[in-house]
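Examination of the molecular architecture
Each chain, written out:
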Amino acid sequence: MTTGTGAAVEERAELSERLWTAVLAKDESAAVREVFAAADAGAGRESLLLEVLGGVQRRVGTEWAADRIGVAEEHAATAIIDRVIAALAHRVPAPAAAPARPRITVACVDGEWHVLPARLLAEVLTGRGWQVDFLGAHTTTPHLVAHLHATNPAATLLSASLPLHLPSAHIAVTAVQSVGIPVMVGGAAFGQDGRYARLIGADAWAPDARAAAALLADGLVRPEPTTRQQVDDLPHLADQEYTLVKGNRAALVRQSLAALDERWPAMRTYTEAQRERTAEDLAHIVDFLATALYVDDTELFTGFVTWTAEILRARRVPPHSLRTGLDILAGELRDFPRALGFLKAAAEALPAPSAPRPRSGPGKAA
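A brief report on the enclosed structure follows. (Residues numbered from 1 in each chain as written. Predicted model: local features only at pLDDT ≥ 70, side-chain atom pairs only at ≥ 80, totals over all residues. Heavy atoms only, no water.)

In terms of helices and strands, the protein carries 16 helices and 5 strands. For the protein, buried positions account for 46% of its 366 residues. Relative to all contacts within the protein whose residues are 6 or more apart in sequence, the contacts with residues 24 or more apart total 74%. On the protein, roughly 18200 Å² of surface is accessible, and the fraction owed to carbon and sulfur atoms is 55%. For the protein, the distance from the average site of its 36 positive side-chain charges to the average site of its 43 negative ones is 4 Å. (Helix = DSSP H or I, 4+ residues; strand = E, 2+ residues; numbered from the N terminus. Buried < 20%, exposed > 50% of the residue type's maximum accessible area, 1.4 Å probe, protein only. Contact = heavy atoms within 4.5 Å. Areas by Shrake-Rupley, 256 points an atom, 1.4 Å probe, with all protein chains shown as cover. Lys, Arg positive; Asp, Glu negative; His and termini not counted. Charge placed at Lys NZ, Arg CZ, Asp CG, Glu CD.)

In this section: the sheet that holds strand β2 (residues 131–134). With respect to topology, 5 strands assemble into an open sheet ordered β2-β1-β3-β4-β5, the strand pairing being parallel. Every other strand in the sheet has two partners, leaving β2 and β5 (204–205) as the edge strands with one partner each. Strands β1 (103–108), β2 and β3 (155–159) of the sheet are contacted by helix α6 (residues 141–151), whose axis makes an angle of about 175° with β1. Sheet strands touched by helix α7 (residues 166–178): β3 and β4 (183–186). Its angle to β4, the strand with the most contacts, is close to 160°. (Pairing = 2+ DSSP bridges. Axes fitted to C-alpha atoms, helices over the stretch in contact; angles between N-to-C directions.)

Here β3 lies mainly inside the structure; 5 of its 5 residues are buried. Both faces of β3 are covered, namely the face carrying Ala155, Leu157 and Ser159 and the face carrying Thr156 and Leu158. With 5 bridges joining them, β1 and β3 adopt parallel strand pairing. Paired with Ile104 across the strands is Ala155, a residue of β3. Examined bridge by bridge, β3 and β4 share 4 bridges and lie parallel to one another. Opposite Leu157, over in β4, you have Met184 as the bridge partner. With respect to chirality, the unit in which β3 leads through α7 into the neighbouring parallel β4 is right-handed. (Right-handed = clockwise from strand over helix to strand, strands pointing away.)

Take the pairing of β1 next. A large share of β1 lies buried, amounting to 5 of its 6 residues. Here 4 bridges tie β1 to β2, and the two strands are oriented parallel to one another. Bridge assignment links Ile104 to a residue of β2, and that residue is Val132. Since β1 and β2 lie parallel, the crossover through helix α5 (residues 116–127) that links them has a hand, and here it is right-handed.

Moving on to the environment of Gln229. For Gln229, the location among the structural elements is in the loop between α9 (209–218) and α10 (230–233). Along the chain, Gln229 and Ala175 lie 54 residues apart, while their C-alpha atoms are 9.5 Å from each other.

A positive phi is found at Lys26, a non-glycine position, where the angle reads about 60°. Unusually for a residue other than glycine, Asp67 sits at a positive phi of about 65°. Judged by relative accessible area, which is 31%, Asp67 ranks as partly exposed.

Inspection of every chain in the model, using the stated rule, returns 4 aromatic pairs. Through pairs of rings, three or more aromatic residues link up here, namely Trp64, Phe288, Phe304 and Trp307. The ring of Trp64 carries the charged tip of Arg315 above its face, separated from the ring centre by 4.8 Å. (Phe/Tyr/Trp six-rings, centres within 6.5 Å; stacked < 30°, edge-to-face > 60°. Lys NZ or Arg CZ within 6 Å of the ring centre and 35° of its normal.)

Here we come to the environment of Leu148. Along the chain, the position of Leu148 falls in helix α6. Once the C-alpha coordinates of Leu148 and Val124 are considered, the two residues, 24 residues apart in sequence, prove to be 21 Å apart. Apart from the residues within four sequence positions on either side, Leu148 is in contact with Thr105, Pro153, Thr156, Val176 and Ile181.

The contact between helix α13 (residues 272–295) and helix α14 (residues 298–314) brings their axes to 8 Å, and the two run at 160°. Between α13 and α14, the angle falls in the class roughly antiparallel. Of the two possible hands of crossing, α13 and α14 adopt the one that is right-handed. Contact with α13, carried on its side by Asp281, His284, Ile285, Phe288, Leu289, Thr291, Ala292 and Val295, involves Leu300, Phe301, Phe304 and Leu312 of α14 and no other residues of that element. (Parallel < 35°, antiparallel > 145°, perpendicular 65-115°, else oblique. Left-handed = near helix turned anticlockwise from the far one by under 90°.)

Helix-helix packing: each pair is described by the crossing angle between the helix axes and the interaxial distance. Viewed as axis vectors pointing N to C, α5 and α9 meet at an angle of 45°, and their least axial separation amounts to 9 Å. Taken together, α5 and α9 sit at an angle that is classed as oblique. Regarding α5 and α9, the two cross each other, and that crossing is right-handed. In contact with Leu121, Val124 and Leu125 of α5, α9 contributes Ala209, Ala212, Ala213 and Leu216. Of the residues belonging to the contact of α5 with α9, the class tally is 7 nonpolar, no polar and no charged. (Nonpolar A, V, L, I, M, F, W, Y, C, P; charged D, E, K, R; others polar.)

What follows covers the pattern of salt bridges. A complete count under the given rule lists 25 salt bridges for this structure. For Asp67, the salt bridge identified is with Arg315, shortest N-O distance 4.0 Å. In this pair, Asp67 is assigned in the loop between α3 (45–65) and α4 (71–91) and Arg315 in the loop between α14 and α15 (320–332), connecting sequence segments 248 residues apart. Note that Asp67 is salt-bridged to Arg316, the shortest N-O span being 3.6 Å. One end of the pair, Asp67, is in the loop between α3 and α4; the other, Arg316, is in the loop between α14 and α15, and 249 residues separate them in sequence. One salt-bridge network, held together by shared partners, links Arg45, Asp82, Arg119 and Glu123. (Salt bridge = Lys/Arg side-chain N within 4 Å of Asp/Glu carboxyl O.)

Written as structure tokens, this is what we have:
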């Protein structure tokens, strides 16, 4: 399994399927046994971490999105994978590097709880001889900077999976650079091509753990300690649309929910749980709209809205209800030109509602 041969790929696929079965059954012991057996049979540490465990975790997200597993099952599966990673780290310790590479810090940005991508990165870098301080999920910027002052690492690597955390990532990047430490960022939040990493002025971006390790090995240049504000990188923030939408989030959700109640008759039959889920969906729409305003990127918002439409369809919720929600938000934000542009583009990106089937009339087949 240590090579890229067809047989090795097939072995990894079979192992991934067995591991998926164990994770889905919430059988942590079986999951650990499967990975240990593969390691004892010669499977490479990085391959087990990235292709097998990372692949199973990606499948967890896919199955949740398709409504084939619930939130509780998703959380349980993720917890088991995290514990298997920890067990593997102790069973197959990283090889000693001579000489040891410098100290680095790996953390998730403030508000980011999807910790596994950063955890896998930390394990890969440890395996390549780096002295890694892994700070885990939701690392607030003041705590991160305090740690950097105490340890002075060669670089800081920040992870974010959700675009919602790009403003926090931007604050963290500027804060770390202000003390003269280079910052590499990674994760789905920064776009498949790293566009948002460049937008917020990160020193480097990596699409995956192996690329991050290669960039670190080449060396990152320490920036001159400087102080800059977010608006220095993103002049469009001067229009205050992001600040006002973000600051009025609760009121926007409340007012939009009330308007949806009036315009969407089906909501009158919703259970309390369904109403709460609808409120959560509206809140996510407002949050992604605010983030799109922050980076001034229509694609970020339209991508989220079309993805949400697919999620709703999988859960048998009429996607055209989403169009109504966007229209209601546009009414609430009629004095915000950039926001209105994003809402219009998202509505146009949604599939057209299906035309009602004609009813059978006299002389027509039913």
